[in-house]
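So you can see what is in the structure, the chains are spelled out below.
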Amino acid sequence: MKLYAISDLHLGHEINRRALATLEPHPDDWLIVAGDVGESVAHLELCLRIVTARFRQVIWVPGNHDLWTMPGDDRARRGEALYLHLVSICRRYRVLTPEDPFPRWTGDGVACTLCPLFLLYDYSFRPDEIPAESVIDWAMESGVLCADEGYLHPDPYPTRQAWCEARCRLTERRLAAVDPRIPTVLINHFPLRRDLLKLHAIPRFSIWCGTRRTEDWHKRFRAIAVLSGHQHVRGTDYRDGVRFEEVSLGYPNQWKQEYGIESYLCEVLPGPPGAMM
């Protein structure tokens, strides 16, 4: 029984929808879907119908695109209400979310606790000399503005920073309660460390990529692996002996369709040959 992960499916693109439908059956394996399935409830439901039919268990965490409320519909759910609605959809499909008890992994590889997280960002992935109140202007000076500023609403919190703080506090308490004798796999859409960002073309996009509050969580909470997406820059890094995996698929022009989506599944456990655990 293996544990796989993928993120940033972006099913608003037909090429990605067709690719997801070609996933092979993995009846004994688990799959982590680490956010940015798409921009609508329909995208999430399409994803869950496909992946739950192919994997023994699925785990989902939200990305920023999943939490968008598109303009033109005043009756649409926003913020936390939208997030909880997505959680309720996952539960219909028996998909685990950050609102469920952390599951224990007993398959191939290291026995551990799988910890799906929802943390958001707080604009703290910025240079120390840039004050918080001018951080958006600083990013826009380079021609960068994340669509979250128009579509990702923090209701009922006053700001996304406040929502992020609340999620971090809640999650810290939950992680602190995990059996200290058992290692963890931390799963979040956004990177947990600023030094893992690889935004060479748009470096100031960093402010929408995480929070400094989580820089040491891989050590504090005994992680053997940390998974994220969001950057659309796949890769493996190590910090303090811990494996960090960026598991994005990305937009159609960012991955090679001729390889097939199967080749973009990241084997988390037992892990690829040579992986440090």
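Scroll up to find the structure.
In this report, we go over the structure that sits alongside the text. The numbers attached to residues start from 1 for each chain and follow its sequence in the written order. Reporting of local features is limited, given that this is a predicted model, to residues whose pLDDT is at least 70; pairs of side-chain atoms are given and counted only at 80 or more, and all residues count toward the totals for whole chains, interfaces and linings. Side-chain measures were taken over the full set of non-hydrogen atoms in the model, leaving aside hydrogen atoms and water.

## Remarks on the sheet that holds strand β8 (residues 235-239)
Note: strands within a sheet are paired through backbone hydrogen bonds, in either parallel or antiparallel orientation.
Piece 1. Taken together, the six strands give an open sheet; going across it, the order is β4-β5-β6-β7-β9-β8, and neighbouring strands pair in mixed fashion. Bordering the open sheet on either side are β4 (104-105) and β8, each of which pairs with just one other strand.
Piece 2. Relative to strand β5 (residues 112-116), β4 runs antiparallel, the two being bridged by two bridges. By the bridge assignment, tryptophan 105 is partnered in β5 with cysteine 112. Note on pairing: DSSP must find at least two bridges between two strands before they are called paired. Secondary structure follows DSSP: runs of H or I at least 4 residues long count as helices, runs of E at least 2 residues long count as strands, and numbering of each begins at the N terminus.

## So, helix α3 (residues 79-92)
For the α-helix, the turn length of 3.6 residues means that residues three or four positions removed from each other point alike.
Piece 1. Here α3 spans 21 Å end to end across 14 residues, near enough to the 20 Å set by a 1.5 Å rise per residue.
Piece 2. Those residues of α3 not exposed but buried are Gly79, Leu82, Tyr83, Leu86, Val87, Ile89 and Cys90. Along the axis of α3, the buried positions cluster into a sector of 160°, meaning they face one direction only.
Piece 3. Note on definitions: a residue-residue contact is assigned when non-hydrogen atoms from the two residues lie within 4.5 Å. Contacts made by the buried residues of α3 are with α2 (41-54), β3 (55-60) and α6 (160-176).
Piece 4. Positive backbone phi, approximately 60°, marks arginine 94, located one or two places after α3. Each helix should span, by expectation, one fewer than its residue count multiplied by 1.5 Å. The buried label applies to any residue whose accessible area, calculated with a 1.4 Å probe on protein chains only, is under 20% of its type's maximum; exposed applies above 50%, and partly exposed to all values in between. Note that the arc is defined by the directions from the helix axis to the C-beta atoms.

## Description of the pattern of salt bridges
Piece 1. Any carboxyl oxygen of Asp or Glu that lies within 4 Å of a side-chain nitrogen of Lys or Arg is treated as forming a salt bridge with it. Applying the stated criterion across every chain yields a total of 17 salt bridges.
Piece 2. Where arginine 169 meets glutamate 165, a salt bridge forms, and the shortest distance between an N and an O atom there is 3.0 Å. Of the two residues, arginine 169 and glutamate 165 both sit in helix α6, four residues apart, roughly one turn of that helix.
Piece 3. Among the residues examined, glutamate 165 registers a relative accessible area of 35% and is labelled partly exposed.
Piece 4. In this structure, the salt-bridge partner of aspartate 237 is lysine 198, at a minimum N-O distance of 2.8 Å. Within this pair, whereas aspartate 237 is found in strand β8, its partner lysine 198 is found in the loop between β6 (184-187) and α7 (217-220), the two being separated by 39 residues in sequence.
Piece 5. Connected via shared salt-bridge partners are Glu172, Arg213 and Arg220.

## Here's the deal with the packing of α2 against α3
Helix-helix packing is described using two parameters, namely the angle between the two axes and the distance between the axes.
Piece 1. Axis definition: a line fit to C-alpha positions, over the contact stretch in the case of helices; interaxial angles, taken between N-to-C directions, run 0 to 180 degrees. At their nearest, the axes of α2 and α3 sit 10 Å apart, and the two run at 20° to each other. Looking at the two axes, α2 sits roughly parallel to α3. Considering how the two elements wind past one another, α2 and α3 form a crossing that is right-handed. Contacts between α2 and α3 involve Val41, Leu44, Glu45 and Leu48 from the first element and His85, Leu86, Ile89, Cys90 and Arg92 from the second. Put simply, angles under 35 degrees are roughly parallel, angles over 145 are roughly antiparallel, angles from 65 to 115 are roughly perpendicular, and the rest are oblique. For any pair of crossing helices, the crossing counts as left-handed if the nearer helix is rotated counterclockwise from the farther one by less than a right angle, and right-handed if it is rotated clockwise.

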